[in-house]
Amino acid sequence: MYCLEVKELAGVAWDALRERARHASTQSYAPYSHVTVGACAVTSDGRLVEGSNVENASYGLTLCAECSLVSDLARQGGGRLVAVSIVAGDGQPIVPCGRCRQLLFEHGGNELLVDGGVGAPPVTLESLLPQAFGPEDLKVRQS
Ligand code: THU
């Protein structure tokens, strides 16, 4: 478990998040695509959670770095994600795939900030996944 010390854009130490995500990408298992991905997020109580993509010979079973990250969150006892950086092996941010936008929404909601890259502003998850279906919908749609 790590705590961020540097405060930057929107109160988030993006450089630190990005560097930890890049390091997580070195722990990826990507023998098929050779696209190594790492993710690092900070929680509302200042913890860091991380993940790496894990591929499978049955390609469709591949776990994205964000899947691993939310597993790390659960393993640490849960909490809310407030900012996340997802990077490929070159250290540059990638946008989360559609499935992972939904995964991140569950644990960070519309306000979750997603790394936009060096010198670029972060984007909200809401802008990447508008009108998301989530836990609140389940509560009011049960028969
Ligand atoms: N990948 C992720 O880890 N996260 C994403 O949001 C996009 C894609 C991984 C899955 C696969 O191992 C590799 O990138 C190429 O698609």
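The coordinates are above.
Here we summarise the structure given alongside this text. (Residues numbered from 1 in each chain as written. Predicted model: local features only at pLDDT ≥ 70, side-chain atom pairs only at ≥ 80, totals over all residues. Heavy atoms only, no water.)

**Some thoughts on the site of the ligand**
Neighbouring residues of the ligand: Ser33, Val35, Val37, Asn53, Glu55, Thr62, Cys64, Ala65, Glu66, Val95, Pro96 and Cys97. A distance of 2.8 Å separates an oxygen atom of the ligand from a polar atom in the side chain of Asn53. Contact between the ligand and Cys97: an oxygen atom at 2.9 Å from a main-chain N or O atom of the residue. Within the complex, 79% of the 370 Å² of free accessible area of the ligand lies under protein. (Near = heavy atom within 4 Å. Polar contact = N/O pair within 3.5 Å; in protein donor to acceptor, adjacent residues only side chain to side chain. Areas by Shrake-Rupley, 256 points an atom, 1.4 Å probe, with all protein chains shown as cover.)

**Details of the packing of helix α2 (residues 65-75) against helix α3 (residues 98-108)**
Between α2 and α3, the shortest axis-to-axis distance is 9 Å and the interhelical angle comes to 20°. Here α3 runs roughly parallel to α2, going by the angle between their axes. The interaxial crossing formed by α2 with α3 has left-handed handedness. Only Arg99, Cys100, Leu103, Leu104 and His107 of α3 make contact with α2, whose side of the interface consists of Glu66, Cys67, Val70 and Leu73. Of the residues belonging to the contact of α2 with α3, the class tally is 6 nonpolar, 1 polar and 2 charged. (Axes fitted to C-alpha atoms, helices over the stretch in contact; angles between N-to-C directions. Helix = DSSP H or I, 4+ residues; strand = E, 2+ residues; numbered from the N terminus. Parallel < 35°, antiparallel > 145°, perpendicular 65-115°, else oblique. Left-handed = near helix turned anticlockwise from the far one by under 90°. Contact = heavy atoms within 4.5 Å. Nonpolar A, V, L, I, M, F, W, Y, C, P; charged D, E, K, R; others polar.)

**A short note on the sheet that holds strand β3 (residues 81-88)**
Spatially, the 5 strands line up as an open sheet ordered β2-β1-β3-β4-β5, and their pairing is mixed. The sheet is open, and its two edges are formed by β2 (48-52) and β5 (123-124), each paired on a single side. Judged from the 2 bridges that link them, strand β4 (residues 113-114) and β5 form a sheet pairing that is antiparallel. Paired with Leu113 across the strands is Thr124, a residue of β5. Running over the sheet, α2 touches β1 (37-43), β2 and β3 and is turned about 140° from β2. (Pairing = 2+ DSSP bridges.)

**A short note on the nonpolar core**
Leu69, Leu81, Val84, Leu104 and Leu125 are the most contacted members of the largest nonpolar core, which has 19 residues in total. Those elements that provide at least two residues to this core are β1, α2, β3, α3 and α4 (125-128). When residues in this core are grouped by element, the largest group, 4 residues, is from α2. Ignoring sequence-local partners within four residues, the contact set of Leu69 consists of Ala39, Cys40, Ala41, Val49, Glu50, Gly51, Leu81 and Val84. Judged by nonpolar contacts, the second largest core, of 10 residues, contains Ala21, Val42, Leu48 and Ala83. (Core = buried A, V, L, I, M, F, W, Y, C linked by side-chain atoms within 4.5 Å. Buried < 20%, exposed > 50% of the residue type's maximum accessible area, 1.4 Å probe, protein only.)

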